Protein chains: 2
Amino acid sequence: MSKAWHLIRRPQGLPSRDDFALRELPDEPLEADQLRIRNLWLSVDPYMRGRMNDAKSYAAGFQLDQPMTGGAIGEVLESRMEGFAPGDLILHMGGWRDGGIIGLDMMPNRLPADLLATGLSPQTFLHNMGLTGGTAWIGLLRIAAARPGDTVFVSAAAGAVGSAVVQIAKAREMTVIGSAGGAEKGRWVDDLGADAVIDYKAGPVLPQLAAALERLGKPGIDVYFDNVGGEHLDAAFATANDFARFAICGMIDVYNDGKAQEMSYLVRTIPARIRMEGFIYTDQFIDCAEEFYADMGGLIASGAVLMRETVRDGLDAAPDAFLGLFSGENIGKMLVRL
Amino acid sequence: MSKAWHLIRRPQGLPSRDDFALRELPDEPLEADQLRIRNLWLSVDPYMRGRMNDAKSYAAGFQLDQPMTGGAIGEVLESRMEGFAPGDLILHMGGWRDGGIIGLDMMPNRLPADLLATGLSPQTFLHNMGLTGGTAWIGLLRIAAARPGDTVFVSAAAGAVGSAVVQIAKAREMTVIGSAGGAEKGRWVDDLGADAVIDYKAGPVLPQLAAALERLGKPGIDVYFDNVGGEHLDAAFATANDFARFAICGMIDVYNDGKAQEMSYLVRTIPARIRMEGFIYTDQFIDCAEEFYADMGGLIASGAVLMRETVRDGLDAAPDAFLGLFSGENIGKMLVRL
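Predicted model only: the values in this text are computed from it and were never measured.

Student: Hey, could you run me through the overall build of chain A in this one?
Tutor: Secondary structure assignment for chain A yields 10 helices and 16 strands. The principal-axis extent of the C-alpha atoms belonging to chain A is close to 65 × 45 × 35 Å. Per-residue burial for chain A yields a buried fraction of 57% across its 338 residues. In chain A, the proportion of contacts linking residues at least 24 apart, taken out of those at least 6 apart, comes to 67%. Taken together, the 31 basic and 44 acidic charged side chains of chain A have centroids lying 3 Å from each other.

Spelled out as structure tokens, the structure:
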């Protein structure tokens, strides 16, 4: 009998384990256009916090007392869906569970056999070759239109998305300043090739960012890749060069507390002609999937983009893995291995 | 002997008359590529407040103890510049003075004779056919890419730029909600054809904006044209439809006090995929001047865009006219007539 995590209460502020319950899924015969699967890897991502709200935050919020969804890598056990056969490895949205029945609404895709043959691990399609790597690639290159020679500032640079941004930017000959919390994460960002690293836990962001720019001999930033909002975003406004572009991917600083953000430098939007744009991976991915797979696959194969995973074991660990995102437990991609 | 207003002290917060001094200009023989002129109309605009700061706010700040500059309409008295003859009416940047010598750096342009022949008054080139109308047109149609059917929110809708935005948007079959302070300005915005008018002095902006949207049967705004920042901008984030575009033209709310803006809804940038962009007229104008003159000239000739001016008389009145912008004294364009 398969089990799935259900959202049983809408969190106020930071979620707790009591907001979730592990429940059995009904065991039914397979209908047309369905797959029976077992999951191997589950993804937990900060954006899921938004889907736990009732508000019309994201189009598709989680329903109460229903299985939650999210990225997962599974193996097909039984198929009544064209193009899928037992043994296939698939990327799909039926996460937060160890297996069961999924339909077309969970968007199953077979992992590309040619890419797996190059030695990529299946769970890579949950991070650098999937949601987080794709988010980094789209945000940096499409939304912010970053170019070689640009100075790029990225927050949560040790996280799954941020670490991909750092590495893609370095591979494209940009100057990169990464912000991360604490010495261990900072060393990882440094290892990734960032030209300067800021520790936001060691003091205010803006003076550290200004000092890093001065050390690097740069007048300001051309691109900001935002994962956190708040103080980091304000520091980006303060140091933006003319015609700077901000790709707004996340604001983990405010997902839980919902506090107002105090923006002292937002007014620089006008004299510096800053363009700030929010984006969501799924809006953009289909249009650029082929180019992304080719480019990112090459960067991984060449060693330009390194992998790092923080792994929790077992379906029971999924809520704690998710909650760990908000206390900064992960370096690289947080994953649940089943 | 000509006279010009000089900036003699950098204002802290709201400027005062004591920051300015009226001084005589040297009377010298005309050199090559110079014009001797007398001014007929001077423009005072909120953006000039930024140029009074020492900070690297705008590229070209005013120098202390030098004549200030700004848009003006003048008549050529004597010319050693090719293409200009005595009697020509010109638009140029040598404002804040009653006349004197100007060179190419003041960007003199003859007013288009064909447009004057249609009955346009010369000072129209300081507002609807110039800086403020051009700012409205570029921000609405180019930066925000507003389309027929869009719901547009505009702040300072009774001001020179805002009133042009309202009218261009209505001429393009958009739904328009304008915000203005007080009953008299509200009536003017209503006369301009806005579908709903908010009085920000009567209460908080967001509930009024939400109520207006509900009355109009609209789920949110597609475009925000920002002249003020602060509470208006936050209300725009709160009510933005997916893929909304914000053209950020000004933030008069924060030009003087420089206080942090409390943004409670900035986080909606991501789920709603909002694009916010700051812009400056002069970056864009040359590329679209011809299209703008044709389009705006047609809108004025057809009566779709009405004029309104708040006029102060005499060079002595220039600082007070400027200061009046920050206490909301103007309906339509604030001008100084010499």
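Moving on from the coordinates now.
Student: Mind showing me how you'd approach the packing of helix 6 (residues 205-216) of chain A against helix 7 (residues 230-239) of chain A here?
Tutor: Two packed helices can be described by the angle between their axes and the distance between those axes. Residues and elements named next belong to chain A. Interhelical geometry of helix 6 versus helix 7 gives an angle of 40 degrees and a closest axis separation of 9 Å. Considering their axes alone, helix 6 and helix 7 lie oblique with respect to each other. Here helix 6 and helix 7 pass one another in a crossing that is right-handed. Only E231, H232, A235, A236, A238 and T239 of helix 7 make contact with helix 6, whose side of the interface consists of V205, L206, L209 and L213.

Student: Whenever I open this one, the pattern of salt bridges confuses me. Can you help?
Tutor: Side-chain pairs of opposite charge can arise where the charged atoms are in close proximity. Under the definition given, this model contains 34 salt bridges over all chains. The salt bridge partner of R23 of chain B is D65 of chain B, with a shortest N-O separation of 3.3 Å. Here R23 of chain B is found in strand 2 (residues 20-24), whereas its partner D65 of chain B is found in the loop between helix 1 (48-51) and strand 4 (72-79), with 42 residues between them in sequence. Notably, a salt bridge pairs R245 of chain B with D150 of chain B, separated by 2.8 Å at the nearest N-O pair. Here R245 of chain B is found in strand 12 (residues 240-248), whereas its partner D150 of chain B is found in the loop between helix 3 (131-143) and strand 8 (151-154), with 95 residues between them in sequence. In terms of burial, R245 of chain B and D150 of chain B fall into one category: buried. Connected through salt bridges with shared partners, the residues D27, R36 and E78 of chain A form a single ionic network.

Student: Is there a simple way to think about the sheet that holds strand 10 (residues 196-199) of chain A in this case?
Tutor: Adjacent strands of a sheet pair through backbone hydrogen bonds, lying either parallel or antiparallel. If you walk across this open sheet you meet the 12 strands as 10(A)-9(A)-8(A)-11(A)-12(A)-14(A)-14(B)-12(B)-11(B)-8(B)-9(B)-10(B), and the pairing is mixed. If you trace the sheet from one side to the other, it starts and ends with strand 10 of chain A together with strand 10 (196-199) of chain B, each paired once. Going from strand to strand, the sheet's axes swing by 15 degrees on average, the running direction of each strand aside. Two elements, strand 11 (residues 221-226) of chain B and strand 12 of chain B, share five bridges in a ladder whose sense is parallel. The residue bridging V223 of chain B from the neighbouring strand is R245 of chain B, located in strand 12 of chain B. Most of the contacts of helix 6 (residues 205-216) of chain B go to strand 10 of chain B, to which it runs at about 165 degrees, and overall it touches strand 8, strand 9 (175-180), strand 10 and strand 11 of chain B.

Student: How should I be thinking about unusual backbone geometry in this particular structure?
Tutor: For residues besides glycine, phi is generally negative; the peptide bonds are generally trans as well. All names here are of chain B. Phi is positive for D33, close to 60 degrees, though the residue is something other than glycine. Phi at W96 takes a positive value of approximately 60 degrees, unusual for a residue other than glycine. Of note, W96 is situated in the loop between strand 5 (89-92) and strand 6 (99-103).

Student: What am I meant to see in the nonpolar core here?
Tutor: In globular proteins that are soluble, nonpolar side chains generally tend to be buried together. One finds F246 and F322 of chain A together with F246 and F322 of chain B to be the most contacted residues of the largest nonpolar core, which totals 96 residues. The contacts of F322 of chain B, once residues within four sequence positions are left out, are P15, F20, V44, D45, M48, R49, M52 and W96 of chain B.

Student: Which parts of the structure should I look at to understand the interface of chain B and chain A?
Tutor: Accessible area lost upon the coming together of the parts serves often as the stated size of an interface. Contacts between chain B and chain A engage 32 residues on the former and 32 residues on the latter. Buried surface at the junction of chain B and chain A, summed over both partners, amounts to about 2,800 Å²; 62% is from carbon and sulfur atoms. When the buried area of chain B at its contact with chain A is split by residue, L266, I270 and M276 of chain B rank highest and sum to 22% of it. Between the two partners, chain B and chain A, sit two salt bridges. Of the charged contacts, one joins R273 of chain B and D283 of chain A as a salt bridge, the two residues approaching to 2.6 Å between their closest N and O atoms. Of all the secondary structure elements, the ones that give two or more residues to the side of chain B that touches chain A are helix 7 (230-239), strand 12, helix 8 (252-255), strand 13 (261-263) and strand 14 (275-278) of chain B. Sorting elements by how many residues they give to the side of chain B that touches chain A places strand 14 of chain B first, with four residues. For the side of chain B that touches chain A, a count of residues per class yields 20 nonpolar, six polar and six charged. Note that strand 13 (residues 261-263) of chain A and strand 13 of chain B share three bridges and pair antiparallel. Looking at the pairing, M263 of chain A lines up with Q261 of chain B of strand 13 of chain B.

Cut-offs used in this document
- Going along each chain's sequence as written, the residues are numbered from 1 onward.
- Each chain is given a letter, starting from A, and each ligand a number, starting from 1, according to the order in which they appear as written.
- Totals for whole chains, interfaces and linings use every residue, but because this is a predicted model, local features are given only for residues with pLDDT of at least 70 and side-chain atom pairs only at 80 or more, for both listing and counting.
- Computation of side-chain values: all heavy atoms of the structure, hydrogens and water removed.
- In DSSP terms, a helix is any run of H or I states spanning at least four residues, a strand is any run of E spanning at least two, and both are numbered starting from the N terminus.
- In this scheme, a residue with accessible area under 20% of its type's maximum is buried, one over 50% is exposed, and one in between is partly exposed, where area comes from a 1.4 Å probe on protein chains only.
- It only takes one pair of heavy atoms within 4.5 Å for two residues to be counted as in contact.
- The charge count treats Lys and Arg as positive and Asp and Glu as negative. His and the chain ends do not count.
- Taken as the charge location is NZ of Lys, CZ of Arg, CG of Asp or CD of Glu.
- Fitting a line to C-alpha atoms yields each axis, with helices limited to the stretch in contact; the angle taken between N-to-C directions then spans 0 to 180 degrees.
- Here the word oblique covers every angle except those under 35 degrees (roughly parallel), over 145 (roughly antiparallel) and from 65 to 115 (roughly perpendicular).
- Handedness of a crossing follows from how the near helix is turned relative to the far one, being left-handed for an anticlockwise turn of less than a right angle and right-handed for a clockwise one.
- Any carboxyl oxygen of Asp or Glu that lies within 4 Å of a side-chain nitrogen of Lys or Arg is treated as forming a salt bridge with it.
- Two strands form a pair only when DSSP identifies at least two bridges running between them.
- As used in this record, nonpolar core signifies buried Ala, Val, Leu, Ile, Met, Phe, Trp, Tyr and Cys residues forming a set joined through side-chain atoms within 4.5 Å.
- Buried area, as used here, totals the accessible surface that two parts lose on assembly, with accessibility defined by a 1.4 Å probe and the loss added over both.
- Under the convention adopted here, Pro, Cys and the residues Ala, Val, Leu, Ile, Met, Phe, Trp and Tyr are nonpolar, Asp, Glu, Lys and Arg are charged, and Gly plus all remaining residues are polar.

Read these as layout, nothing more, since geometry by itself doesn't imply function.
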